[in-house]
Structure formats: structure tokens, C-alpha cells
Amino acid sequence: MSGDAARSPSGRDGPAIEAKGLVKTFGETRALDGLDLTVPAGGVYGVLGPNGAGKTTALRILSTLLRPDGGTARVLGHDVLADADGVRRRISLTGQFASVDEELTGRENLILLGRLLGFRHADAAARARRLLTAIDLADAADRQAKTYSGGMRRRLDIAAGIVVTPDLMFLDEPTTGLDPRSRNQVWTIVRALVARGTTVVLTTQYLDEADQLADRIAVIDHGRVIAEGTPGELKASVGSGILRVRVQDPAQRFEAVRVLTRALDADVQVESDPSALTVRVDDSERSVQALAELNRSGIATAQFALGQPTLDEVFLALTGHSVKEVAA
Amino acid sequence: MTTDLAAGEAIDFELLSVLDEGTRPRPAGRFSASVSHLYRAALRVKHSPAQIIDVTLFPAIMLLMFTFLFGGALAEGGTGEYLQFFLPGVLVTTVLMITMYVGMGLSSDAEKGVFDRFRSLPLWRPAAIVGPLLADAARYTAASIMMLSFGFVLGYRPGPGGAAGIALAVLLLIVCAFCMSWLWTLLGLVARSERTVTTASMTILMPLTFTSNVYVDPSTMPGWLQAFVGVNPISHLVTAVRGLMGGTVTTGQIGLVLAEAALVLAVFGPLTMRVYRRRN
Ligand SMILES: Nc1ncnc2c1ncn2[C@@H]1O[C@H](COP(=O)(O)OP(=O)(O)OP(=O)(O)O)[C@@H](O)[C@H]1O
Ligand SMILES: [Mg+2]
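Counting from 1, residues in each chain are numbered in the order their sequence is written. Naming scheme: in the order in which they are written, chains are lettered from A and ligands are numbered from 1. Reporting of local features is limited, given that this is a predicted model, to residues whose pLDDT is at least 70; pairs of side-chain atoms are given and counted only at 80 or more, and all residues count toward the totals for whole chains, interfaces and linings. Processing note: side-chain calculations cover all non-hydrogen atoms of the structure and skip hydrogens and water entirely.

**Student:** Just to check I follow, could you spell out empty space enclosed by the protein for this structure?
**Tutor:** A probe matching the size of a water molecule, rolled over the atoms, marks out where space remains unfilled. Any residue with an atom within 4 Å of a point lines the site, the site being either a cavity, points on a 1 Å grid over the protein atoms alone where a 1.4 Å probe fits but cannot get out, or a pocket, an open set with protein on both sides within 12 Å along at least 5 of 7 lines. Grid points are joined across faces, edges and corners, and a volume is the space filled by probe spheres set on the points. Throughout the structure, instances matching the rule amount to 3 cavities of 30 Å³ or more. Put simply, the largest cavity is a space of about 100 Å³. Along the walls of the largest cavity sit 14 residues, with A:I91, A:S92, A:L117, A:G161 and B:L121 positioned nearest its centre. Helix and strand definitions follow DSSP, with helices as H or I runs of at least four residues and strands as E runs of at least two, each counted in order from the N terminus. Those elements that provide at least two residues to the lining of the largest cavity are strand 6 (91-94) and helix 5 (150-161) of chain A. Among the elements that take part in the lining of the largest cavity, strand 6 of chain A stands out by supplying 3 residues, more than any other. Tallied by class, the residues present in the lining of the largest cavity amount to 8 nonpolar, 3 polar and 3 charged. Taken as a whole, the second largest cavity encloses approximately 60 Å³ of empty space. As for the second largest cavity, its lining consists of A:S99, A:V100, A:D101, A:N109, A:L112, A:L113, B:R40, B:V114, B:R117 and B:F118. Contributing elements (two or more residues each) for the lining of the second largest cavity: helix 3 (106-116) of chain A together with helix 5 (114-119) of chain B. The residue makeup of the lining of the second largest cavity, split by class, is 5 nonpolar, 2 polar and 3 charged. Three classes are used: nonpolar for Ala, Val, Leu, Ile, Met, Phe, Trp, Tyr, Cys and Pro, charged for Asp, Glu, Lys and Arg, and polar for all others, with Gly counted as polar.

**Student:** I keep staring at the environment of A:G95 and nothing clicks. Help me out?
**Tutor:** All names here are of chain A. Looking at the secondary structure, you find G95 in the loop between strand 6 and helix 3. The rule is simple: take the accessible area with a 1.4 Å probe, protein chains only, and divide by the maximum for that residue type; under 20% is buried, over 50% is exposed, in between is partly exposed. G95 sits in the buried class, given a relative accessible area of 17%. Put simply, G95 and L59 are 36 residues apart on the chain and 8.6 Å apart in space, counted from C-alpha to C-alpha. Two residues form a contact once any of their heavy atoms are found within 4.5 Å. Leave out the neighbours within four places in its chain, and G95 touches R154 and D172.

**Student:** Can you walk me through helix 6 (residues 127-154) of chain B in this structure?
**Tutor:** Residues separated by three or four positions in an α-helix point in the same direction, a consequence of the helix having 3.6 residues per turn. Here helix 6 of chain B contains 28 residues, and its C-alpha end-to-end distance of 40 Å stays within 8% of the 40 Å for a straight helix at 1.5 Å per residue. Phi turns positive one or two residues past the end of helix 6 of chain B, at B:G155, with a value near 120°. Working rule for helices: expected span equals 1.5 Å times residues minus one.

**Student:** How do you make sense of the sheet that holds strand 9 (residues 216-221) of chain A when you look at a structure like this?
**Tutor:** Sheet strands pair via backbone hydrogen bonds, and the direction of the pair is either parallel or antiparallel. Residues and elements named next belong to chain A. Read across the open sheet, the 6 strands follow the order 6-7-8-3-9-10; overall the sheet is mixed. In this open sheet, the two edge strands, each paired with only one partner strand, are strand 6 and strand 10 (224-229). Put simply, the sheet's adjacent strands are angled 15° from each other on average, direction ignored. Of the strand pairs in this sheet, strand 9 and strand 10 are connected by 5 bridges, and their pairing is antiparallel. What sits directly across from I217, in strand 10, is G229. The convention used is that axes are lines fitted to C-alpha atoms, helices contributing only their stretch in contact, and that angles between N-to-C directions extend from 0 to 180 degrees. Most of the contacts of helix 1 (residues 55-62) go to strand 7 (residues 168-172), to which it runs at about 150°, and overall it touches strand 3 (44-48), strand 7, strand 8 (199-204) and strand 9. Contacts from helix 5 reach strand 6 and strand 7 within the one sheet, and its direction differs from that of strand 6 by about 165°. By definition, two strands form a pair when at least two bridges between them are found by DSSP.

**Student:** Whenever I open this one, the nonpolar core confuses me. Can you help?
**Tutor:** The nonpolar side chains of a soluble globular protein tend to be buried with one another. Ranked by internal contacts, the top residues of the largest apolar core, which has 125 residues, are A:L110, B:L237 and B:M245. For this core, the element with the most residues is helix 4 (residues 78-111) of chain B, which contributes 16 residues. Discounting chain neighbours no more than four positions away, the residues touching B:L237 are B:V92, B:L96, B:L172, B:L173, B:C176 and B:V257. What is meant by a nonpolar core is a set of buried Ala, Val, Leu, Ile, Met, Phe, Trp, Tyr and Cys residues, joined one to another through side-chain atoms within 4.5 Å. Residues A:I17, A:V47, A:L76 and A:A218 belong to the second largest nonpolar core, which totals 29 residues.

**Student:** What is the right way to look at the site of ligand 1 in this model?
**Tutor:** Residue and element names in this part refer to chain A. N51, G52, K55, T56 and T57 are the nearest of the 14 residues found near ligand 1. Note that an oxygen atom of ligand 1 is positioned 2.9 Å from one of the backbone N or O atoms of G54. Here the Shrake-Rupley method, with its probe set to 1.4 Å, supplies the accessible areas, and only the displayed protein chains count as covering residues. Out of a free accessible area of 630 Å², ligand 1 has 67% covered by protein chains. Counting only elements with at least two residues in the shell around ligand 1, the list comes to strand 2 (29-39) and helix 1. The dominant element in the shell around ligand 1, judged by the number of residues it contributes, is helix 1, at 3 residues. Across the shell around ligand 1, the residue classes break down as 4 nonpolar, 8 polar and 2 charged. The rule for a residue being near a molecule or strand is that one of its heavy atoms must lie within 4 Å of it. Whenever two N or O atoms come within 3.5 Å, that pair is a polar contact, provided that in protein one can donate a hydrogen and the other can accept it, and provided that, for residues adjacent in sequence, both atoms are side-chain atoms.

**Student:** Explanation requested: helix 10 (residues 233-246) of chain B in the structure shown.
**Tutor:** Residues and elements named next belong to chain B. In this model, helix 10 (14 residues) spans 20 Å end to end at C-alpha, consistent with the 20 Å of a helix rising 1.5 Å per residue. Within helix 10, 12 of the 14 residues are buried, which leaves the element mostly enclosed by the surrounding structure. When we look at burial in helix 10, the residues that qualify are I234, S235, H236, L237, V238, A240, V241, R242, G243, L244, M245 and G246. The secondary structure elements touched by the buried residues of helix 10 are helix 4, helix 6, helix 7 (162-190), helix 8 (194-210), helix 9 (223-231) and helix 11 (251-278). The N-cap residue of helix 10 is N232: its side-chain oxygen and the backbone nitrogen of I234 are 2.9 Å apart.

**Student:** Before we go on, may I ask you to explain the interface of chain B and chain A in this structure?
**Tutor:** Interfaces are frequently sized by the accessible area removed from exposure as the parts join. Counting from both sides, the interface comprises 46 residues of chain B and, opposite them, 54 residues of chain A. Throughout, buried area stands for the accessible area (probe radius 1.4 Å) lost by two parts on being put together, summed over both. In total, about 4,600 Å² of surface goes out of reach between chain B and chain A, with carbon and sulfur atoms giving 58% of it. Ranking the residues of chain B by area buried against chain A places B:L19, B:R24 and B:R117 at the top, with a combined share of 17%. We count a salt bridge whenever a side-chain nitrogen from Lys or Arg sits within 4 Å of a carboxyl oxygen from Asp or Glu. Viewed at the interface, chain A and chain B are joined by 6 salt bridges. As a salt-bridge pair, B:E21 and A:R130 come within 2.7 Å of each other at their nearest N and O atoms. Summed over the shared surface of chain B and chain A, the number is 20 residue pairs in polar contact (both at pLDDT 80 or more). For the side of chain B that touches chain A, the secondary-structure elements that each account for two or more residues are strand 2 (9-12), helix 1 (13-21), helix 2 (30-47) and helix 5 of chain B.

**Student:** Just to check I follow, could you spell out the coordination of the magnesium ion (ligand 2) for this structure?
**Tutor:** In a perfect tetrahedron of four donors around a metal, the angles come out at 109.5 degrees. In a perfect octahedron of six, they are 90 or 180 degrees. All names here are of chain A. Coordinating N, O and S atoms are those within 2.8 Å of the metal (3.2 Å for Na, K and Ca), and as water is not part of the atoms, a site may appear to have fewer donors than expected. Surrounding the magnesium ion (ligand 2) are the protein donor atoms T56 (OG1) and Q96 (OE1), at 1.8 to 2.2 Å. Of this pair, T56 sits in helix 1 while Q96 sits in the loop between strand 6 and helix 3, and the two are 40 residues apart along the sequence. Residue classification places Q96 among the partly exposed residues on the basis of a relative accessible area of 26%.

**Student:** Would you take a moment to explain the domain arrangement of chain A for this structure?
**Tutor:** An automatic or database domain assignment provides the domain bounds reported here. Looking at the assigned domains, one finds that chain A contains domain 1 (3-235) and domain 2 (239-308). Relative placement of domain 1 of chain A and domain 2 of chain A: their C-alpha centres are 42 Å apart.

**Student:** Please explain the pattern of salt bridges as it appears in this structure.
**Tutor:** Pairing between side chains becomes possible if they bear opposite charge and their charged atoms approach one another. Within the structure shown, the criterion is met by 25 salt bridges over all chains. One salt bridge connects B:R40 with A:D101, and the closest N-O pair in it is separated by 2.7 Å. Placement of the pair is B:R40 in helix 2 and A:D101 in the loop between strand 6 and helix 3, with the two residues belonging to separate chains. As far as burial versus exposure is concerned, B:R40 and A:D101 are alike and both buried.

What follows is the structure, encoded as C-alpha cells:
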């Protein structure tokens, strides 16, 4: 890739998004409760949160579909209220739910959008053809979108958002419900967009997705940002690491919990695997001593690992509930 | 073509070059945006042509049923005379019934994410609503032609209004239908589901058409009902259309209809656009 591909797409320095104190209520529900967000230009910004956290509401406000009840937001330097058309000329949004006309074919959908965006019909058709090939939908191009699989529909949805390459692209849960292969295809598109210089803001409930794809992450819960930073920073904020141990004989697990609790002076968690334990540690030196202590007490370990906490553990530490629990 | 950079990280160079070509033209203007939405409506008809038959089949059955089943009883001169009286009325009903479809279409777009996509484009906002309404005008014309042809087959003969009268009647009808559609567009955007829109529009339209002069001469009705039929705008429209086709229309009748249509447009047009812009 050439060096200028990574240049700030806004053509000037400054964050891609600056939102302060966004509030949105729906009747009794406070969907956003003073949301602050600063998204740097370039790269992938992940917005992570459980169901109902306010992710979609935030994206809809930032993409001018919804008016906030309070607070301000500037997107690529344009105010979302005062200069909504300025924002719309630079962004695209692929919402959580299908945004294409399912009665039309994939090709017709892209041609329609191309025409609305200002291409002449022939140019719109040429652009549609190129896009459909690039996202691997050429074979299904002339079938009605309602016959597409979940993954195909999602790719068409995303393609609809890049008929004109936006400077900032919002993707609301682009991979929810997709199988690993389709998920990878979506990630490939996201990476291509970023390589081209587009800032991508995506929401997700999948921690590993945020971990792998995002340069920075905002964790939101109940309409507020409760933590923000690089995936590494977020993990570090929770403690230096996690010690995972599997004992050889599940019958000895209880004894192992006792030994580790004493040696590390910390809460030991038992996992659903009957021989596994995890414990948060601040100091790797002590972990080594604790493992030696296990050995001395006659407890054989089948496996042990000292690692960074996963984002799931980060989430648990931040909110007191795990993402999966809420999502279930 | 993809190339592996690191484990799990692939950059798709074909996609990259497609993205590089995606420079933004000037967004479509008002006219071209509306035409693009018209193009969408045409594509939808292409994929399910049954929707055209749908909207004309029901009125055709009504025309047959009323003419031959009740016609003899409803008009002194028997079925033939009743057809002369009833055809303009059934024409109005047919076209007004079709207007409801625009609301259903909008609400189904809004239920899905299609509307969000359109609303996030830098476009003249009313195009998304004006486009489908233009498509409807084509549908009204088609339905009118079908009903009129069917009427001719059954024995309808134009009165002193002649062909010009019929053409003007259809034109007036289309103008009124266009204005009335804005009531359904508003309903389509406010209602939570397509089903609600269908039920609500039927609940408004059915009683209005039945308590008008579409089916029977109001002079046979009780006084209180006559009073209502007299102020029902659908009666005014039917009177004007009948008058144009029969060559007895007055300027006052046409003026009244146009004024009512303009009033509906002036109220529901801006309301629709306001809701469209602010929808949450
Ligand atoms: N149009 C609406 N009317 C009423 N309540 C709404 C509306 N939109 C969102 N809400 C409520 O606002 C809260 C936040 O919703 P939002 O859709 O932003 O969450 P989310 O983080 O996107 O969740 P999910 O992961 O399920 O998509 C929820 O409690 C939701 O029920
Ligand atoms: Mg959501």
C-alpha cells in the first residue's frame, strides 16, 4: 500500500468523531445517558456493549438518522444537527438490519444506490458489476436479495455502503449471526476500507472481534462509555494477567483452590471444566511460586498458562456482568 | 484475489482497487432522485407483476357484482342504467383503493432498514416519497384504463362528455389520488407495522366510500345520512367525475374537489416530510 493511503481521510488533523454528552430517551428508557466519544481518524474503532447498551442509538445519531435530546456531535468536522447534509456527504451507514430492497436483485440494488448517489445509469451499472465481483456475489447478482443467505445479504448490505467509498463508515453489528467464513469475508472488507484510508466505526457484541479488528475500543453499558482505549490498555487496566491451571485429577481441584488462594491471596474461580481454575494475578513471580506450592502439596497440574485477561474478563471486571450473560 | 499478510489478516487487492475508483459524483438532483425511486418502483412491479392484477381484480368483481346482482334493484332503469351511474363511482373507488398501497410500501421499507439507507444519503428528502407516488400515478392510469375497458365490454357508453370528458375525469382523479396519498404516507411512517397501516387505511376508506354517492343515489337515503353523504369529499369527487364523463359538470364542482385535494396535500404533505426527517 502506498503511504498516502493511511493519510487522515478528512484531509486535516483532528478526530473523525467528537461527541459530548449525548442523551437520547425513548419514553422511560434512557438509551444514551451522557455518551462521550472521540474517534481518531483512520483505523477501526470498536464500540462494544451488550444488548440494549445504546450502540445502535449512538450510531444512528452520529449518522444523522436520529436527533439527540441533548449533547453535541461533530462527524468529520460537520455538526450532526447544523450540517447534517455535510455529514451525509462523507459517511455511509450499514445498519443492524437489512438495508437493501429484498424484492430487487443484488445488482439492481447497487445500481439504484449508484443512481441516487449521482452516477449515470451506465456508470452505476459498471460500478455495481465491479463491486459484486469484488465481494464475491457475481454469481448471485441477478437473484432477488430475499433469496440470499445471511452472509451474502450482509455483504450486499456492506457493498451498498461502499458504492461511493466513504471517508467514514458506520457498521452496526456487521457480523452478528454469521458463520466464521462469512465473518472473515466481512473482516476482509473492513481491512480493505481501512487500508484505503476510511475510518471504520463498528459495533459488536463479540469481544474477540473487537480484539482482533479494532485499534481502539469504547465499552458502553447503559448508554455511557465505561472504558476506552486500545485492546491492550483495556486488558492491562484489569490486572496484569490471569493464571489458568488445569489439575490432572478433578478430585483435587478443591484442594488446589485452597492452596492457590493462600499462595496468591486472591479469589480463585472454578471453570465449568471440572479440572480448570483461573485466578487473577498482579505479579508473575508469585504465580511461579504458587505453581511450585501446588507441586509441593502433591497436586499434579496437567496444564498451566499465564496470560493477559481476555476482553470478556475485562468486561466482567468493568460491569460486574459478562457480555454473554446479558446477551443471552 | 487475496494475499495473506499475517495469520488471519488478508487484504483483498481487487476490493482495494474498487474502493479507489469509488470517487463521489455530485449527488442526484431532485428530479433525478425522484426518477431513480420511480425506477425502483418499476423494478418491483417487474419482479411481482401480480400487484397490478391485485388492484384491479377486486374492483372488477365489484363492478360485475353490483351491476348484475344489485343493479336491477338499485336503479329504476335496470342493470344498463345502473352501469351508467356506477362506472364513474367504481372508477373513483378503484383508484382511491390503490392509494393505500403507498402507505403499506413505506411502512414495510421503514420496518426494514431500507429507509435508513435512503435517509443517510445526501439527497432531496421528499424524493423517497415523491418517486413512489409518481409510480402510483402510472398505476392509477393503468387501473383506470382497465376499469373503463371492462365497463365498455359490459355495455357502458360515454355520455355527452365524450372521450375528452373521460380523459379529464381520469386526470382529475389522478390529481386527487396523488393528494390523498399523502395521508397514507404519513400513516405509513407513523404506524409500527404494515398490518396496522392496512387496517387503518381500510377503516378510513371503506366507510367513506360506502357513505358516498358511489353506489346509490343519496335521495333514496334517510335525511341524516344524506347530510353526511353531502359533505363527504368522496361524493364531491364522484360527482365531478360523473359530471365530466356525462358532460354535466360545473366549474363549482371541479373547484370544490381541487380545493379539497389541495387542502389534504397542504396538511399531510408537510406533516409526512416532518415525520420522515425526524423519524426515530
Ligand atoms: N425506537 C425506539 N423506541 C423505544 N425504545 C428504543 C428505541 N430504540 C432503542 N430503544 C431502547 O433503547 C435502548 C438502547 O437500544 P439500542 O438499540 O441502541 O441498543 P444496542 O446496544 O444497539 O442493542 P443491540 O445489541 O440489541 O442491538 C434499549 O433499551 C432499547 O429498547
Ligand atoms: Mg443495536
